[in-house]
Amino acid sequence: MDFTAGHSFQEFYKRSDRNQTGADGAFITIPTVIDRNALESYFARSSFDIADRYLISAVYRRDGSSRFSEQNRWGNFPGVSVGWKMMNEDFMEDSFFSTLKLRGGWGITGQQEIGPNYGYLGIYTPALNNQVSAQFGNNFIPTLRPEEFDANLKWEETTQYNVGLDFGFFDNRLTGTVDAYYRETDDLLAQIPSAAGSNLSDQITTNVGSTTSRGIEVALNGTIIETENMNWNMNVNVTFQDREITKLTLGDDPEFSIPQGGIAGGTGNTIQLWKPGLDPSTFFVYRQVYDDNGNPIEGAYVDVNGDNQITTADRQAYKKATPDAFIGFTNNFTYKNFDLNFTFRGSFGNYVYNNVASDRGNLAVMLDAAGDYQPNAHTSVLATGFRDQQLFSDYYIRRADFVRLDNLSIGYTIPFEKVQMRLSLTGQNLFVITEYEGLDPEISGGIDNNFYPRARTYVLGLNLQF
């Protein structure tokens, strides 16, 4: 039996002091802004091992966040897991398994990481330096602007069920795990558009909707060679996943949707859509029309609803940024004093919106420049010949499957009488195999417009052990 109990308290404090120069060159002091929030937690865990066969563990958390009102401040998050060491049962005594364990679990977790720390309070923002003021004759009266808020903000909760199997063969020379999970998130903390005419900001943070995700994870680890002079260990893992928005409103409107995924080009444009039945990273685009040679026709899109005109009603949900599968492949090899390690990683079924090409891949970038010069355009204009931006064309939704050599390390150990020396060469992010023509196919969120390139790194090492 094992018991654990604890308490934690965290407070986050941020103070902003800044100054600026006004239009007339005068020095302006901006009032100090203080932003703070706190998180307090009580937690306990108990574990039981019965006859080295049956395992039971239970956990309970009670968390309080100052980001919610007193009525919704505290959340309760229980969890339980069980395991059965089948290998230790009498009927498995002559089995060809060397390890066999069945396990399962259920639990609830909470989420309170939202943008505004005071999203449940009615806050007013004062006008500063005659900005956002009301004019009466020659007088300007500073205003107090109400900010959006939801007095009923509460914890976002995720409930997860999982079942798994651990197994081993040949005295655990070959081991593996299979895990299946189902996860449901309710009362999503999300930013949604404010009601028109409400005189508030464009977005309000509130609890709205639900999502589900499910998946299967498989991992295998094998000792291929194990001798006095040579060892070779290999690991491979594969994860299949599926995500879906199941509800997005407080009512029952299945057609309600929320634009997401801001892009460069124009003002306030988005390229993704939250809608029930779709993955949260689904793109929302026009279907491009092509000529007989397979080249995109500028401004020509499929009239989906057949009304003989192209409007926003013709934009369609198309592809997603979330991968269908992830893979990992690791090898560790040693031969006498020589060692070699490498890891490949990849994802499949994911797409990227190339916003660099859609924003800059047109002749207008060069021909309509404001100054007496011609800026560079994206090279995609050589293939499309587009005169103007075609931001919402599915032409820019590109397949982003990839396999990346994450790291490779080669070393040699020289044992001297009083010191051991190891020389090594390590490389990280050595190459990527992909069809994606942009800077990198691994883009968080699926919109390629402001990505800082991953460095390719080489490290030469010398280690001495006395």
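Residues numbered from 1 in each chain as written. Predicted model: local features only at pLDDT ≥ 70, side-chain atom pairs only at ≥ 80, totals over all residues. Heavy atoms only, no water.

Participant: Go over the pairing of strand β26 (residues 402-415), please, and point to the residues and values.
Facilitator: The two faces of a sheet get side chains in turn, since along a regular strand they alternate between them. Relative to β26, strand β23 (residues 338-348) is paired through ten bridges, and the arrangement is antiparallel. Bridge pairing in β26 links Phe342 to Leu408. Where β26 and strand β27 (residues 420-434) come together, 13 bridges link them in antiparallel fashion. From the neighbouring strand, Val403 faces β27, where its bridge partner is Ile433. Linking β26 to β27, which pair antiparallel, is a turn of four residues. (Pairing = 2+ DSSP bridges. Helix = DSSP H or I, 4+ residues; strand = E, 2+ residues; numbered from the N terminus.)

Participant: Requested: an account of the nonpolar core, with residues and values cited.
Facilitator: Counting residues in each nonpolar core, the largest one holds 18 residues, and the members touching the most others are Ile263, Ile271, Phe283, Tyr353, Phe392, Tyr396 and Ile397. When contributions to this core are tallied by element, the ones reaching two or more residues are β18 (282-285) and β24 (351-354). (Core = buried A, V, L, I, M, F, W, Y, C linked by side-chain atoms within 4.5 Å. Buried < 20%, exposed > 50% of the residue type's maximum accessible area, 1.4 Å probe, protein only.)

Participant: Got a sec to walk through the side chain of Asn362? Specific residues and values, please.
Facilitator: Its place among the elements puts Asn362 in the loop between α1 (355-360) and α2 (364-367). Judged by its relative accessible area of 2%, Asn362 is buried. A distance of 3.1 Å separates the side chain of Asn362 from the backbone oxygen of Asp359, its partner in a polar contact. Beyond its immediate sequence surroundings of up to four residues, Asn362 is in contact with Ala377, Val381, Phe386, Arg387, Asp388 and Gln389. (Polar contact = N/O pair within 3.5 Å; in protein donor to acceptor, adjacent residues only side chain to side chain. Contact = heavy atoms within 4.5 Å.)

Participant: Any details on the pattern of salt bridges? Residues and values, ideally.
Facilitator: Any two side chains of opposite charge can pair if their charged atoms end up close together. Applying the stated criterion to the full structure yields 25 salt bridges. For the salt bridge of Arg103 with Asp166, the shortest nitrogen-to-oxygen distance reads 2.7 Å. Of this pair, Arg103 sits in strand β5 (residues 97-111) while Asp166 sits in strand β10 (residues 156-169); the two residues are 63 residues apart in sequence, bridging distant segments of the chain. Arg345 is the partner of Glu442 in a salt bridge, and the nearest nitrogen-oxygen pair spans 2.9 Å. Here Glu442, found in the loop between β27 and β28 (447-448), pairs with Arg345, found in strand β23; they are 97 residues apart in sequence, far enough to count as distant. A relative accessible area of 21% places Glu442 in the partly exposed class. Judged by relative accessible area, which is 28%, Arg345 ranks as partly exposed. Members of the salt-bridge network, linked through shared partners, are Arg345, Arg404, Asp406, Asp440, Glu442 and Arg454. (Salt bridge = Lys/Arg side-chain N within 4 Å of Asp/Glu carboxyl O.)

Participant: So what's going on with the layout of surface pockets? Residues and values would help.
Facilitator: By volume, the largest pocket amounts to about 780 Å³. Considering the residues around the largest pocket, the lining is formed by 25 residues, among which Val33, Tyr118, Ile123, Thr125 and Glu147 are closest to the centre. Those elements giving two or more residues to the lining of the largest pocket turn out to be β1 (2-21), β2 (27-50), β6 (124-126) and β13 (203-207). Ranked by residue count, the leading element in the lining of the largest pocket is β2, at five residues. (1 Å grid on protein atoms, 1.4 Å probe; cavity = no way out; pocket = protein on both sides within 12 Å on 5 of 7 lines; lining within 4 Å. Points joined across faces, edges and corners; volume = space filled by probe spheres on them.)

Participant: Tell me about the sheet that holds strand β25 (residues 397-399), and please be specific about residues and values.
Facilitator: Across the sheet, which stays open at both edges, the three strands sit in the order β25-β24-β28 with mixed pairing between neighbours. Looking along the sheet, the strands with just one partner apiece sit at the ends: β25 and β28. In this sheet, β25 lies alongside β24 in antiparallel orientation, the contact comprising three bridges. Looking at the pairing, Tyr353 lines up with Ile397 of β25.

Participant: Could you give an account of a nonpolar patch on the surface, with specific residues and numbers?
Facilitator: A cluster of nonpolar residues, Met1, Phe3, Phe48, Ile50, Tyr54, Ile56, Val80, Val82, Trp84, Phe91, Leu102 and Val163, forms a patch on the protein surface that exposes about 1,200 Å² of accessible area. Only β2, β3 (54-65) and β4 (74-84) provide two or more residues apiece to the nonpolar patch. Among the elements that take part in the nonpolar patch, β4 stands out by supplying three residues, more than any other. Following the sequence through the fold, Phe3 ends up in strand β1. (Patch = residues over 30% accessible without salt bridge, like charges linked within 9 Å, V, L, I, M, F, W, Y side chains within 5 Å. Areas by Shrake-Rupley, 256 points an atom, 1.4 Å probe, with all protein chains shown as cover.)

Participant: Can you explain the packing of aromatic side chains? Please cite residues and give values.
Facilitator: Considering all chains together, one arrives at 17 aromatic pairs under this definition. Measuring from ring centre to ring centre gives 6.2 Å for Phe169 and Phe170, while their planes differ by 50°; the resulting arrangement is tilted. For Phe169, a relative accessible area of 18% puts it in the buried group. Centroid distance Tyr286 to Tyr301: 5.0 Å. Interplanar angle 25°. Geometry classified as stacked. Highlighted residues: Tyr286 in the loop between β18 and β19 (288-290) and Tyr301 in strand β20 (residues 296-301), separated in sequence by 15 residues. Taking relative accessible area as the criterion, Tyr286 reaches 12% and is therefore assigned buried. With relative accessibility at 13%, the residue Tyr301 sits in the buried group. (Phe/Tyr/Trp six-rings, centres within 6.5 Å; stacked < 30°, edge-to-face > 60°.)

Participant: Could you give me a rundown of the environment of Asp63, with the residues and numbers involved?
Facilitator: Tracing the backbone through its elements, the reader meets Asp63 in strand β3. By relative accessible area, which is 7% here, Asp63 ends up buried. A sequence separation of 366 residues divides Asp63 from Asn429, and the C-alpha atoms of the two residues are 40 Å apart. Excluding residues within four positions of it along the chain, Asp63 makes contact with Glu40, Ser41, Arg73, Trp74, Gly75, Phe77 and Trp155. A distance of 2.9 Å separates polar atoms of two side chains, one belonging to Asp63 and the other to Arg61.

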